[in-house]
Amino acid sequence: STYHLERAFEALPNADIVANNLAWTLIQIDPPEARRALGLIEPVVARNPNGLRFLDTRGHVYLKLGRYRD
């Protein structure tokens, strides 16, 4: 369930780990919300260009979107 992550993100929209975890969860649900997940993770990666956990999440989002070259 994304309920608690949604509430945490509403309360802490600049908490990168919360945004990351919500983005990850959004690509795991059925149906996945990959476009929304990308919108969450892109600013996180911009702020943390060497953050491996964030890059990993973005890579999985790209896979869900079929953006294999990215």
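Our subject is the structure listed above.
A.B. asks: Mind laying out the overall build of the protein, listing which residues take part and the relevant values?
C.D. replies: When you go through the protein residue by residue, the secondary structure sums to four helices and zero strands. Ordered by position from N to C terminus, the α and β elements of the protein give α-α-α-α. For the protein, the spread of C-alpha atoms along the three principal axes comes to 35 × 30 × 15 Å. For the protein, with 70 residues in total, the buried portion stands at 34%. Taking the contacts inside the protein whose residues are at least 6 apart along the sequence as the reference set, 41% of them involve residues at least 24 apart. Taken as a whole, the protein presents about 4600 Å² of accessible surface, with 53% of it coming from carbon and sulfur. One way to put it: in the protein the 9 positive side-chain charges average out to a point 4 Å from where the 8 negative ones average out.

A.B. asks: Report on the environment of Asp16, specifying residues and quantitative values.
C.D. replies: Tracing the chain through its elements places Asp16 in helix α2 (residues 16–28). Residue Asp16 is classed as buried on the basis of its relative accessible area of 16%. Between the C-alpha atom of Asp16 and that of Pro43, which follows or precedes it by 27 residues, the distance is 8.8 Å. In contact with Asp16, other than residues within four places in its own chain, are Val44, Arg47, Asn48 and Phe54.

A.B. asks: Requested: an account of the nonpolar core, with residues and values cited.
C.D. replies: If you look at the biggest cluster of nonpolar residues, it comprises 15 residues, and the most contacted ones within it are Ala37, Ile41 and Val61. Looking at this core, the elements that each hand over two or more residues are α2, α3 (34–47) and α4 (52–65). Beyond its immediate sequence surroundings of up to four residues, Ile41 is in contact with Asn20, Ala23, Phe54, Thr57, Arg58 and Val61.

A.B. asks: Tell me about α3, and name the residues and values.
C.D. replies: Between its first and last C-alpha, α3 extends 20 Å over 14 residues, near the 20 Å set by a 1.5 Å rise per residue. Listing the buried residues of α3 in full gives Ala34, Ala37, Leu38, Leu40, Ile41, Val44 and Val45. Looking at the packing, one finds that the buried side of α3 touches α1 (3–11), α2 and α4.

Here is what the cut-offs are and how they apply
- Residues numbered from 1 in each chain as written.
- Predicted model: local features only at pLDDT ≥ 70, side-chain atom pairs only at ≥ 80, totals over all residues.
- Heavy atoms only, no water.
- Helix = DSSP H or I, 4+ residues; strand = E, 2+ residues; numbered from the N terminus.
- Buried < 20%, exposed > 50% of the residue type's maximum accessible area, 1.4 Å probe, protein only.
- Contact = heavy atoms within 4.5 Å.
- Areas by Shrake-Rupley, 256 points an atom, 1.4 Å probe, with all protein chains shown as cover.
- Lys, Arg positive; Asp, Glu negative; His and termini not counted.
- Charge placed at Lys NZ, Arg CZ, Asp CG, Glu CD.
- Core = buried A, V, L, I, M, F, W, Y, C linked by side-chain atoms within 4.5 Å.
- Expected span 1.5 Å × (residues − 1).

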